[in-house]
Amino acid sequence: MERLHNLYKKYSGHDVEEMQPISGSGSARRYFRLSGKAGSVIGVIGTDRRENEAFVNLSRAFRSCDCNVPEVYVVSDDGMAYLQQDLGDMSLFSMLSSPEAEEYVEAVMRTLPDMQLASGITEEMLYPVTDMTFRHVMNDLNYFKYCFLKAAGVEADEDALEQDFESLARAVADTPPELMGLSLRDCQSRNVMIHDGSPWFIDFQSARRAPLFYDVASFLWQARAGFSASFRQRMVKTYMEALGRHRCVTEAAMEESLRTMLWIRTLQVLGAYGLRGLTQRKAHFVESIPGALDNVRELLASCAFPALKELRRCLDAVASMERFRRRADDGRLLVSVFSFSYKQGYPEDLTGNGGGFMFDCRAMHNPGRYERYRHLTGRDVPVMEFLEEREEVQKFLSNVLALTEPAVARYLSRGFSNLQIGFGCTGGQHRSVYCAEHMARMLREIFPEDEVAIHLCHREQNIDLKL
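Residues numbered from 1 in each chain as written. Predicted model: local features only at pLDDT ≥ 70, side-chain atom pairs only at ≥ 80, totals over all residues. Heavy atoms only, no water.

1. Looking at the nonpolar core
Link 1 in the chain: Among the nonpolar cores identified, the biggest contains 93 residues, and Phe-62, Leu-92, Phe-213, Phe-219, Leu-220 and Leu-311 are the most heavily contacted of them.
Link 2 in the chain: Excluding residues within four positions of it along the chain, Leu-220 makes contact with Val-105, Met-109, Phe-227, Arg-232, Met-235 and Val-236.
Link 3 in the chain: In terms of nonpolar packing, the next biggest core, distinct from the first, is built from 32 residues, Leu-387, Phe-396, Phe-423 and Cys-435 among them. (Core = buried A, V, L, I, M, F, W, Y, C linked by side-chain atoms within 4.5 Å. Buried < 20%, exposed > 50% of the residue type's maximum accessible area, 1.4 Å probe, protein only. Contact = heavy atoms within 4.5 Å.)

The following block contains the structure:
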C-alpha cells in the first residue's frame, strides 16, 4: 500500500495516520480510507489502467457540469492508483427503509438526465466500449445464457434462444436518437452515496452511449431495492419531467424503450448474479437472485415482446425453481436439504447465512460403479436396496439425524429463519440423493409443517420439492 501512502503525501504534504480497507462488491478494484492531518480520502488501487483513466476523466467532465460525483485529487504516475473525495459511508441502498429514502430516489431521477446528457464527454473517455451496439447486447445476453441459465441447469433450444436474443439486440440498435445518451451502465442505489443531504454517483467508469432508459431500468428495478410498481411509475414520471428540460420525448416512445431496456438489464443482471453468485459464491449476489426473479415474473406477465417464446420458456423454468424462491417469508424456519456433486462444488446459500451442515457420503459403497445402476438415482428402488442391504447408510443417517435434529429444534426455538443441510458424493446421483431424500422426510415427520418448512433439492437432477 506504499503507493497510496505516497499519493496522500503528494496530495496533502502530510503522512497517512490511519488506513482502513473498504469492502467492495463485484469489482477487482480495492478501496481504502486514508486519514491524516489533511482529512480523509478514498484510495483506489485498480487492475486496469484504462478503466482508471475512464473514471478519472469522466469524473472531471461531470464535475465541470456541476454533477455530484467524487473529485479525483491525484493519480499515480502509472495510472494504477488514485485518491478521490471521501463521501462517507452512507449509500442510498443502506437507507432504503428509512423515511427519507423516497426523497433521495426522487432526487436521483431528477438529476440522472443531467449526467446522461452532460457536455464535454468525448469518445476517448469511454472504456471498454463507446456504444451499446448490437454485438455488445448479444454479448450481455449470452453472458446471461452461459453464466446463469446453464449454471441453473436450464436446457435451452440454442437456435431459438439466439433468435430471441437477436430480436432484443435489434430493438436496442433501432433506438431513435432522441432516446440515446450516456448510460452509467450500473446505475443502482448501491452506487449512490448520500453526502451533504444529496445523492452522489460513484460508479460510472464503464459508461457508454446507450438508450437513456437503460439506467432508469437499472435503478428502479434493482433486484434488492424492492420498489413497488406504483412508486416506480411515479419515479419514471419524475425522470420524464427532468428529461424534458433537455429533450422532447413522447410517453409512447418512453414506454417502448423502457420495456426493451427492462428485458436487457434484467438478463444482464442475472448473468452477473450467475457468475458472481452461483459460480464465485459471493453472498451479496446470491441473495439478490430472488429479487431479480421477481422482476422476471413481472416481465413474463407483461405483454412486452410476446414473440420471445424460447426466452420466456427458459425464464419461466428458472422463475419456478424452488431453490430461487424468497426464503422464510411466512415466519417458519426453512430447512433446505440438498444433494450435490463435489465435482460441481458446494450448493449455493441463498440466505447469505453461510452456515449449516455438509455431510460427505463418499465413504459408502458407490452404486455408480456398476452398470445396472449407472443411469438410476438414489430415488430409484434398486439403488435404495443396494445401499440399504449393506446397512452402512442406516448408521450414517442415524448419526446425521443425531446432529441435525437438535439443531433444527434449537434454530426453531431461537426464531432463526434458515438452516441448510447438504449431502455430497462423487456425482451427486446415488448416495447423496438417497441420503438427502431420507433425511428431508425424517425431518418432515418430526417437525410440524406450521413451524418448519422443508425444501428438498437434488441439484444435479434439477429436482426441487416442498415437503
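2. Side note on the layout of surface pockets
Link 1 in the chain: In this structure, the second largest pocket spans a volume of roughly 570 Å³.
Link 2 in the chain: The wall of the second largest pocket is formed by 20 residues, among which Trp-221, Gln-233, Val-236, Glu-255 and Leu-258 lie closest to the centre.
Link 3 in the chain: Per element, the largest residue contribution to the lining of the second largest pocket is seven residues, and it comes from helix α8 (residues 251-279).
Link 4 in the chain: When the residues that make up the lining of the second largest pocket are grouped by side-chain class, the tally is 10 nonpolar, four polar and six charged. (1 Å grid on protein atoms, 1.4 Å probe; cavity = no way out; pocket = protein on both sides within 12 Å on 5 of 7 lines; lining within 4 Å. Points joined across faces, edges and corners; volume = space filled by probe spheres on them. Helix = DSSP H or I, 4+ residues; strand = E, 2+ residues; numbered from the N terminus. Nonpolar A, V, L, I, M, F, W, Y, C, P; charged D, E, K, R; others polar.)

3. Re the sheet that holds strand β5 (residues 81-85)
Link 1 in the chain: What the five strands build is an open sheet, ordered β1-β2-β3-β5-β4; its pairing is antiparallel. Each having just a single partner strand, β1 (18-22) and β4 (72-75) make up the two edges of the open sheet. For this sheet the average axis-to-axis angle between neighbouring strands, irrespective of direction, equals 25°.
Link 2 in the chain: Relative to strand β3 (residues 39-45), strand β2 (residues 30-36) runs antiparallel, the two sharing seven bridges. Counted as the bridge partner of Leu-34 is Val-41 from β3.
Link 3 in the chain: Docked against the sheet, helix α1 (residues 2-12) engages β1, β2, β3, β4 and β5, running at close to 50° with respect to β5. (Pairing = 2+ DSSP bridges. Axes fitted to C-alpha atoms, helices over the stretch in contact; angles between N-to-C directions.)

4. Considerations on empty space enclosed by the protein
Link 1 in the chain: Summed over all chains, the structure comprises two cavities of 30 Å³ or more.
Link 2 in the chain: Estimates place the volume of the largest cavity at around 40 Å³.
Link 3 in the chain: Along the walls of the largest cavity sit Leu-184, Asp-186, Cys-187, Gln-188, Asn-191, Val-192, Phe-201, Ile-202 and Asp-203, which together make up its complete lining.
Link 4 in the chain: Taken together, the residues that form the lining of the largest cavity break down as five nonpolar, two polar and two charged.
Link 5 in the chain: Approximately 30 Å³ is the volume found for the second largest cavity.

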